[in-house]
Each structure stands twice: as structure tokens, then as C-alpha cells.
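# Analysis of the macromolecular model
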Amino acid sequence: MNKALKEILFSEEEIRAKVKELGKEITHDYMDKDLYVVGILKGSFIFMADLVREISLPLLVDFMSVSSYGRNAKSNGEVKILKDLDFSVEGRDVLIVEDIIDSGYTLKYIEQMFKTRGANSVKFAAFLDKKESRKVEMEVHYKGYEVPNDFIVGYGLDYSEEYRNLPYIATLKEEVYK
Ligand SMILES: O=P(O)(O)OC[C@H]1O[C@H](OP(=O)(O)OP(=O)(O)O)[C@H](O)[C@@H]1O
Ligand SMILES: Nc1nc2[nH]cnc2c(=O)[nH]1
């Protein structure tokens, strides 16, 4: 294991099984719906690729890239769109895919925006949920695992753009990021 890592939280096998479960649930819930799956870059790219292959329905795949307005923006929740969607959400059932939810500001902002744009429904699929850090009330409809307030990397999650390609999910040693 890499020297910067503290502990492996979820193995490749555990991740695969969990994604399969989520895909099954989503397939069941979105029968006869107009499913538009939107991954939030970059962190979601691996979960997104795995998840859509476990959903046995016709669907649209898209990505959106956002960033918060500087550090303080995390406190007012304002989000800047760097890459918008390729298709309209109007009348569609949007499933937003995230690697992790922390404060919840990013998803809340995007949810509101999609509703304003006329989406028929907006739900969230997040592989990891840092529930303790939540700043806004929200329901996470499809959730992989709840995680403690440590710094987490792997399976799309980075530390300074490193570690996204780890096939497992691990915590980083505190001395690395503090
Ligand atoms: O719930 P919140 O507090 O809004 O935080 C969650 C967001 O933060 C992370 O992205 P990040 O900004 O690290 O970008 P990345 O996906 O490109 O790594 C994560 O992928 C979510 O998009
Ligand atoms: N990579 C990474 N991004 C995050 N965004 C919010 N929490 C985390 C975390 O623990 N790791």
C-alpha cells in the first residue's frame, strides 16, 4: 500500500458488489422513465462508468463540471458552472451521480438549477456520504456507504489530483493533508 495511505475502507470487491446493488435498485425505480444520468466531474467518473453498466435501461449519459467560488463559497454554497450539460433536462428524470457528498452545497445548487430548468424529477446517487459534515438538509436517494470525516481517496477521489486511479477507497494519513 502507498505510504501516504492510512487504511483501506472498501476493497475493489466490496465496491463492485455495492455498485451492482445500486444499479439494480435504480433499474427498478426508473422503469418507464426518461432517465438522464449526470456525473459531476471529476470525482464521479469511475463510479459513473461502473454504475451506468449496472443499469439495464435506456438512458442518456452526460457530465457537468462545476467549482465553488473560492474557499468561502463553501459557506454560501454558490457554484460556478465550468461545463454545462449537452442536453436539456426539461421533462426528464435526472439522476445526479457523485463520488462523495460533504456539505451538500454542490448537489443542492445543481438540484435547484435542474428544477428551475424544468426537470421532471431530480435524484442523487452518491457512492460516499460524509453525513457528519452536512450543512444543508437533503435526501440521498441512492447511497453506497457512509464515511467518517477523514480525508478519503481512490475510486475517483483525489488529493491534489493524485490517487483517483486507486481501485479501492482509502483514508489518507493525517500528516499528509494537515
Ligand atoms: O458536498 P460538497 O461540500 O459540495 O462537496 C462535494 C463535492 O466536492 C467534491 O468535488 P471537488 O470540488 O473536490 O472536485 P473533483 O470532483 O474534481 O475532485 C465532490 O466530488 C463533490 O462534487
Ligand atoms: N478527495 C476527497 N474529496 C472530498 N470532498 C469532500 N470530502 C472529501 C474527501 O474526503 N476526499
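What counts, and where the lines are drawn
Residues numbered from 1 in each chain as written. Chains lettered and ligands numbered in written order. Predicted model: local features only at pLDDT ≥ 70, side-chain atom pairs only at ≥ 80, totals over all residues. Heavy atoms only, no water. Core = buried A, V, L, I, M, F, W, Y, C linked by side-chain atoms within 4.5 Å. Buried < 20%, exposed > 50% of the residue type's maximum accessible area, 1.4 Å probe, protein only. Helix = DSSP H or I, 4+ residues; strand = E, 2+ residues; numbered from the N terminus. Contact = heavy atoms within 4.5 Å. Near = heavy atom within 4 Å. Polar contact = N/O pair within 3.5 Å; in protein donor to acceptor, adjacent residues only side chain to side chain. Areas by Shrake-Rupley, 256 points an atom, 1.4 Å probe, with all protein chains shown as cover. Nonpolar A, V, L, I, M, F, W, Y, C, P; charged D, E, K, R; others polar. Pairing = 2+ DSSP bridges. Axes fitted to C-alpha atoms, helices over the stretch in contact; angles between N-to-C directions. Phe/Tyr/Trp six-rings, centres within 6.5 Å; stacked < 30°, edge-to-face > 60°.

With that out of the way, let us pick up the nonpolar core. Soluble globular proteins tend to pack their nonpolar side chains together in the buried interior. Ranked by internal contacts, the top residues of the largest apolar core, which has 27 residues, are Ile 26, Leu 35, Phe 47, Leu 51, Phe 127, Leu 128 and Ile 169. Looking at this core, the elements with two or more residues in it are α1 (12-29), β2 (35-41), α2 (45-52), β5 (93-101), β6 (121-129) and β7 (142-146). The residues touching Phe 127, leaving out its near neighbours within four places in the chain, are Ile 15, Lys 18, Val 19, Leu 22, Phe 47, Glu 98, Asp 99, Gly 144, Tyr 145, Tyr 155 and Ile 169. The next biggest cluster of nonpolar side chains, apart from the first, holds 21 residues, and it includes Val 66, Leu 85, Val 89 and Leu 107.

The environment of ligand 1 is formed by 15 residues, the closest being Glu 98, Asp 99, Ser 103, Gly 104 and Thr 106. Within the contact set of ligand 1, an oxygen atom lies 2.5 Å away from a side-chain nitrogen or oxygen of Asp 99. Within the backbone of Asp 102, an N or O atom sits 2.9 Å from an oxygen atom of ligand 1. Relative to its unbound accessible surface of 500 Å², ligand 1 loses 78% to contact with the protein. Contributions of two or more residues to the shell around ligand 1 are made by β5 and α4 (105-116). Per-element tally for the shell around ligand 1: the top contributor is β5, with 4 residues. Its residues assigned to classes, the shell around ligand 1 shows 4 nonpolar, 4 polar and 7 charged.

This part covers the sheet that holds β2. The sheet built from 6 strands is open, its strands ordered β4-β3-β2-β5-β6-β7 with mixed pairing. Lying at the two open borders of the sheet, with one neighbouring strand each, are β4 (79-83) and β7. Recorded for the sheet is a direction-independent mean angle of 30° between the axes of neighbouring strands. Sheet analysis places β2 next to strand β3 (residues 60-68), joined by 6 bridges and oriented parallel. When the sheet's bridge partners are listed, Ile 40 is paired in β3 with Met 64. Sitting on the sheet, α1 is in contact with β2, β5, β6 and β7, with an inclination near 155° to β7. Most of the contacts of α4 go to β5, to which it runs at about 170°, and overall it touches β2, β3, β4, β5 and β6.

Before going further, it helps to spend a moment on the site of ligand 2. As a matter of local geometry, ligand 2 sits amid Ile 100, Asp 102, Lys 130, Asp 150, Phe 151, Ile 152, Leu 157 and Asp 158. The contact in question runs from a nitrogen atom of ligand 2 to an N or O atom on the backbone of Asp 158, over 2.6 Å. When the free accessible area of ligand 2 is taken as 280 Å², the share hidden by the protein chains comes to 82%. Per-class residue counts for the shell around ligand 2 are 4 nonpolar, no polar and 4 charged.

Attention now moves to the packing of aromatic side chains. Each aromatic ring pair is summarised here by two numbers: the centre-to-centre distance and the angle between the ring planes. The tally for this structure, following the rule as stated, stands at 9 aromatic pairs. Pairing Phe 10 with Tyr 145 gives two aromatic rings, centres 3.8 Å apart and planes at 15°, and the pair type is stacked. Within this pair, whereas Phe 10 is found in strand β1 (residues 5-10), its partner Tyr 145 is found in strand β7, the two being separated by 135 residues in sequence. Neither Phe 10 nor Tyr 145 differs from the other in exposure class; each is buried. Here Phe 127 and Tyr 155 contribute two aromatic rings whose centre-to-centre distance is 5.2 Å and whose plane-to-plane angle is 55°, an arrangement assigned as tilted.

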